[in-house]
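Here are the chains, one letter per residue:
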Amino acid sequence: MERLRALRGLFACVGCMPRRTRRRERGRVESPVLASAVTLLLQRLQDQEGDRAQAYCELEHVLCEDDSRPPCGVVNRLLAEVSQDLTAAQGVMDSVRTAASNVLVALARTHFSLVMAELQGHLKATQEMSKEFVLVTLSKLFSSYAPQCISFMWLTLAGLRSVVGQVRSGRTLRIACAVVKQWLEGVKVHLCSGKQCPWPVMEKEQIYEKLYQLFCSVLSNWQDCKEEKDKQAVLEAVASMMAVLLQEELHRKHIWEQILWLVHQYQEVQDTCRGTKSLTIFLEALEGAQSVIPEDKFLAITRVVFYQLSDDTKQHSEADRAELTHCILLQARICPEETVLFLQSQLGGQRKDSCVAALGLLGALARSDEPAITEKLPQIVEAVQCLCSDPRTKVRRAILHFMKDLLNADAWSCSAWDVVGHIFNEFSCTTGRRAAGDVSAQEAQEEGALQELCMDILGSLDVSVRGMTKLLWPRLLLYVVPAEYTGMLIPVSRCIRALAERGDLTVQEIEELDPHFVSSMFQGPLLTPHILLARLLVVAGSPVAGSELQAAALLLMQNLHSRIHRAVGAMWAAEIPVLLQCLKGKDESFMDSTEWEHRLLKFLRESLDTMEDEAWTKALSCELSRQLSSSPSSSGEKSFLYKALGTVLGACKEVLYVQEKLLQHLEGANAEEPSEAQGMISLVSHAAESNFHIVLDTLTMFASRLCKGRNSRISRRKKMELNSTRAHATRSALILAHGSLALQASKEQLLARLEGDIVGNILLLYSCSCRDLQNKLALVQSITDFSSAFHAVGGSAFFNPFLKSKLLEILMDLLKKYYLGTRVSPVPLKVVLALEQLSKLKPSLGSKDMCEMLTLCCKNIVMHPSARMMLKIKKLQQAAQYLQLQQTSLKALGRLMAVLLETGTTRGFFENIVHVLQKSMTSDNMWERKRALQTCSQLLAACEELQGGDACKHFGSLVGFLAPLTCDPMPTSRQLAATCLSSLLRIQAKAANRVIKLGDIGSLCEGLNDSSTIAQLRTLSKIARMVCRNFPLEQTVDFMMAIEDTFRKGRGMRVRAAGKWMITLLLMYGKDIHWDAALIVYILRSCMSSMKQSTFMPFLCQAMVILTRCHAEVTIDNFFRLLEPTDSETWRRIREFYLREWRREKNEKKR
């Protein structure tokens, strides 16, 4: 007890215990309860009873919970017991030491000085003991009682110096370094902050001296550490000590001498981030000390940090890079001139990584907004500008990043360098490299990343930054028109919109700029309102641009409306948002690119009508014409240019000018290119919307030039030109253009000029052509177009019968030529579509023409291709394409038959159609049967819609053709046959005004898809009974005659199906058909003579049994007739059997 009091008095004498601490300790009351609890737990520890770690935890809890003070005697015993465990060299677990350390921290709440004295004694002890947890406890004390610890600073430093002399490596070294760093942080706070320092001047000098001694001891004992963790710990401790010693001028010289060791140690450690943080601690202290560091020492730090940042072999994380960059920024704040010069020196080196790192750091300096750095930005910009021609990708990317930092920091610094121009040029170069195709996949990816970076830089500009308006406006407009900068329109639009919202596009501010520059932008050849509008329209209408780029073009138009034309401001403010809404997909009526082009061209026409400026419109057409002439055929923009030019010419009112422009592009277009041919058609059709007669007169003039060599003598060279492939392609395009022109015409225009001019020009051009596939398809399409147009507007008007006959003859000749056993061709489909439209025109076609037309169409579409060719087609790569074309052709044929039914004036047409399809429905080619069934189903659907009665008249024969096909090998054919039967029943029910008996066939179609033959026959029987219930008996013979073909030619399941249907009908109506019994027997007898399949025999026998029972006299009378040479052996046996049975029955009756 006396020893503790003496120590306490010693601390008080040296001023280590603050006054308020002593008063607080005197104010605490000793509690018998606390003393008792502590004594009990202490006794457990001394008696070695139970878990020591648990006992320490309970003791800690008691000391923390009770606010009173334990007696000094108890504290003395407790300190002795805890110290034994805390400093034991071995035999004590770390968990026990940790718990013992926590007890000391808890005890320090009431007896801080005693605990600190105990720890200081352990630090200075020379005997062998473990000081690891003594250091740990010191760290915990500082964390909990930092103000009280400051008073013991010089004693702690002295104790730590003793530890440094005893420890060489390991965990104790690292903990000691951590304690040094932690305690020195407290010292820095009290020395550098504005708080009142607790030490007198003399004591402060003692602390600096003790710290210096510790610093020297650390350098002498620990500078040769081998382990990585030890090196890092020593580096952090030394940096912290140097940071504090910098505050005292006496030791600065020695600190400068040790900088090189610090730099060397920094290079040795592997954890760059921790090492950099140590350097940062020193640099931050150096900045606060306002002391001039020797230049060589400063550059040593700069070089080593820069090397770490620029070394590409080290995979630095983002956190590491941020720390290294922060370190360089600190150096720039301390010595801006030296730092900038060093980084500039790295720009000219050969090492790519050094150049890239220097650019990144210069960008970070530009972002820092430090006054000293801001003054040097022009100097930095000038140095970076010299690198613009560097071809290395990483350097180019680094320059762009530097520009981004610079523009967002201070745009005034860019006045000597066209930064915006460099960004656009870089974008253009990357586009060119990628388009050239001579770069690898990785290089192409890198170039794409550079493009995205260029767009990001311009898109992220803050227009409110000082000098940004002058830098951007109106310079940005230079880059709107050139096609190589099209991809940059999105950020350009954003910038101009932001400038417009700030009011920076006003006339007053633009006039303040360089007048020569402004003149070149708006009045000179570089950029006119017409050039600007034409380019933005093309981008907005480009199908490959993408909705975001199209929206950017529209927004530029809206924001620059006053620069384009003064009259469109209000109109564009209302219409452009609607177009933007379409691009965003919020308008349900916006479907595809065609619809979008239509809307945009309508917007263009309304804009021109709003302007009411003929001269301006002509100037715009000249610009569009210029762009069209210079645009390559492969360009995706050329198609829209043709349409836009046509729309603008449609708004022009000067006849000669419109004709001149039309002829210029009709003569200049290379129609051999499909895109050019389509462009000619688009130009003509859009121009004709308001100038129909002018356009048609121009086409007539041009057509006569192309065909003038037909009946006149011309030079050989001219004849070669007119017979060239290009001339023939031009004629084909003109033929199509006339059809398209007809679709644009009004009723009055079409009625006045269709027959004489449009059709006349088409026939003239066709007669002068080479009649190749392209020319024929053009003619057929043109006939389809003008026939459709005439039917739509003609009303009751009649088309010239002679012309109609001539056109029909041409189309029929095409069908005849293409039925040559070739594979599926698009010509028959196109011809059928043309015939469909032509057949709608009055007067209607004659019966002979209809039949011939229908026969040819069926030959080309239903009967063709053959089974062998179908097998070849299915093996081709284009099989799906061929089959799709075939299906489309069949649907077109169905529509043609519906038109002929509707417009036909003669009776018997339906019978002719059935007669044409009959051969195909009984063909051995299963694909032909399927096509015939599909055609028949469409025919019956049309009859059902038109409520025609002809189908009812042929009910029996149709059922006879369709019945066997309900068991066709192809499932689709079975379904189609059932569909046709269902349509027949509905047609008959409507005609007779009654309800179909036994329900609907549609509900039974599913059973026909079953793979089981038995299931198919079961379903077939149900369908047969349903149809026979509604069968008109007067058509029984028609049914038998139709089904006879299947008995003669059919095979397999179709014969069985035919027999099932026949037996079902005879069983149901055998007694009611007595007037047709003899004829039915004759039909069965004739079937026997040419039957190929024995499958029919059971059905024949069963049919004869039914007929004999129901009509014995008629049947026996037929058997008594003499045999004919054509009768088969089977029929002879049946005849003999029935005659023998008849005689036997007759003899029995006589008896």
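Data block above holds the structure.
The structure presented is a predicted model; accordingly, all values stated were derived computationally and were not measured. (Residues numbered from 1 in each chain as written. Predicted model: local features only at pLDDT ≥ 70, side-chain atom pairs only at ≥ 80, totals over all residues. Heavy atoms only, no water.)

S.K.: Explain the state of the cysteines here, please?
M.R.: Here a disulfide denotes one covalent bond, and it connects the sulfur atoms of two cysteines. All chains considered together, the criterion is met by zero disulfides. The thiol of cysteine 857 is unpaired, and the distance to the nearest cysteine sulfur, on cysteine 858, comes to 6.9 Å. Free cysteine: cysteine 943, not disulfide-bonded; nearest cysteine sulfur from cysteine 936 at 9.0 Å. For cysteine 943, a relative accessible area of 5% gives the class buried. (Disulfide = S-S within 2.5 Å. Buried < 20%, exposed > 50% of the residue type's maximum accessible area, 1.4 Å probe, protein only.)

S.K.: Explanation requested: the nonpolar core in the structure shown.
M.R.: Of all hydrophobic cores here, the largest spans 360 residues; its most connected members are Leu141, Val238, Phe282, Leu554 and Trp1061. In terms of residue count, the dominant contributor to this core is helix 6 (residues 94-124) (15 residues). Residue-level mapping places this core at the junction of two domains, with at least three residues from each of domain 1 (292-404) and domain 2 (477-504 + 526-583 + 593-630). If sequence neighbours within four positions are ignored, valine 238 has contacts with Phe215, Val218, Leu219, Trp261 and Leu262. (Core = buried A, V, L, I, M, F, W, Y, C linked by side-chain atoms within 4.5 Å. Helix = DSSP H or I, 4+ residues; strand = E, 2+ residues; numbered from the N terminus. Domains from an automatic or database assignment. Contact = heavy atoms within 4.5 Å.)

S.K.: Please clarify how a positive patch on the surface should be interpreted in this entry.
M.R.: A cluster of basic residues, Arg1018, Lys1022, Arg1025 and Arg1029, forms a positive patch at the surface. Structurally, arginine 1029 can be placed in helix 53 (residues 1013-1029). Taking the relative accessible area as the measure of exposure, arginine 1029 reaches 45% and is therefore partly exposed. (Patch = residues over 30% accessible without salt bridge, like charges linked within 9 Å, V, L, I, M, F, W, Y side chains within 5 Å. Areas by Shrake-Rupley, 256 points an atom, 1.4 Å probe, with all protein chains shown as cover. Salt bridge = Lys/Arg side-chain N within 4 Å of Asp/Glu carboxyl O. Lys, Arg positive; Asp, Glu negative; His and termini not counted. Charge placed at Lys NZ, Arg CZ, Asp CG, Glu CD.)

S.K.: I keep staring at empty space enclosed by the protein and nothing clicks. Help me out?
M.R.: Unfilled space is identified by rolling a water-sized probe across the atoms. Counted under the stated rule, the structure contains four cavities of 30 Å³ or more. In this structure, the second largest cavity encloses a volume near 40 Å³. Forming the walls of the second largest cavity are 10 residues, and the residues nearest its centre are Met921, Thr922, Asp1045, Thr1046 and Arg1054. Ranked by residue count, the leading element in the lining of the second largest cavity is helix 54 (residues 1036-1049), at three residues. Taken together, the residues of the lining of the second largest cavity break down into four nonpolar, three polar and three charged. (1 Å grid on protein atoms, 1.4 Å probe; cavity = no way out; pocket = protein on both sides within 12 Å on 5 of 7 lines; lining within 4 Å. Points joined across faces, edges and corners; volume = space filled by probe spheres on them. Nonpolar A, V, L, I, M, F, W, Y, C, P; charged D, E, K, R; others polar.)

S.K.: Can you walk me through the packing of helix 54 against helix 55 (residues 1053-1069) in this structure?
M.R.: Between two packed helices, what matters for the description is the angle formed by their axes and the separation of those axes. Look at helix 54 against helix 55: their axes get within 9 Å of each other, and the N-to-C directions meet at 160°. Judged by the inter-axis angle, helix 54 sits roughly antiparallel to helix 55. For the pair helix 54 and helix 55, the crossing hand works out as left-handed. For the pair helix 54 and helix 55, the contacting residues are Thr1036, Phe1039, Met1040, Ile1043, Thr1046 and Phe1047 in the first and Arg1054, Val1055, Ala1058, Gly1059, Trp1061, Met1062 and Leu1065 in the second. In terms of residue class, the contact of helix 54 with helix 55 is built from nine nonpolar, three polar and one charged. (Axes fitted to C-alpha atoms, helices over the stretch in contact; angles between N-to-C directions. Parallel < 35°, antiparallel > 145°, perpendicular 65-115°, else oblique. Left-handed = near helix turned anticlockwise from the far one by under 90°.)

S.K.: Help me understand the side chain of arginine 605 in this model?
M.R.: Looking at the secondary structure, you find arginine 605 in helix 32 (residues 593-611). A polar contact of 2.8 Å, which involves the side chain of arginine 605, links it to the side chain of serine 690. The residues touching arginine 605, leaving out its near neighbours within four places in the chain, are Thr647, Gly650, Ala651 and Ser690. (Polar contact = N/O pair within 3.5 Å; in protein donor to acceptor, adjacent residues only side chain to side chain.)

S.K.: Sorry if this is basic, but what is going on with the layout of surface pockets here?
M.R.: If you add up the space inside the largest pocket, you get close to 560 Å³. Broken down by secondary-structure element, the contributors of at least two residues to the lining of the largest pocket are helix 15 (295-310), helix 16 (318-334), helix 18 (352-368) and helix 21 (393-409). Here the lining of the largest pocket takes eight residues from helix 18, the largest share from any one element. Counted by class, the lining of the largest pocket contains eight nonpolar, four polar and nine charged residues.

S.K.: Explanation requested: helix 15 in the structure shown.
M.R.: Because each turn of an α-helix spans 3.6 residues, side chains separated by three or four positions in sequence point in the same direction. Under the 1.5 Å per step criterion, the end-to-end length of helix 15 is 22 Å for 16 residues, consistent within 8% with the ideal 22 Å. With respect to burial, helix 15 is a largely interior element, 12 of its 16 residues being buried. Buried residues of helix 15: Lys297, Phe298, Leu299, Ala300, Ile301, Thr302, Val304, Val305, Phe306, Gln308, Leu309 and Ser310, and no others. (Expected span 1.5 Å × (residues − 1).)

S.K.: Sorry, what's going on with the environment of glutamine 54 here?
M.R.: Checked against the element boundaries, glutamine 54 lands in helix 4 (residues 52-65). In this structure the C-alpha to C-alpha distance between glutamine 54 and valine 96, which are 42 residues apart in sequence, comes to 8.3 Å.

S.K.: Explain the packing of aromatic side chains here, please?
M.R.: What characterises a pair of aromatic rings is the spacing of the ring centres plus the angle enclosed by the ring planes. The tally for this structure, following the rule as stated, stands at nine aromatic pairs. When the ring of phenylalanine 306 is compared with that of phenylalanine 342, the centres are 5.4 Å apart and the planes differ by 90°; the resulting orientation is edge-to-face. Here phenylalanine 342 lies in helix 17 (residues 336-347) and phenylalanine 306 lies in helix 15, a separation of 36 residues in the sequence. With respect to class, phenylalanine 306 is no different from phenylalanine 342; both count as buried. Note on tryptophan 572 and phenylalanine 603: the rings are 5.7 Å apart at their centroids and 40° apart in plane angle, and the pair reads as tilted. Remark: phenylalanine 603 occurs in helix 32 and tryptophan 572 occurs in helix 31 (residues 569-583); sequence separation between them is 31 residues. By relative accessible area, tryptophan 572 is classed as buried at 1%. Cluster of aromatic residues (ring-pair linked, three or more members): Phe424, Tyr479 and Tyr485. (Phe/Tyr/Trp six-rings, centres within 6.5 Å; stacked < 30°, edge-to-face > 60°.)

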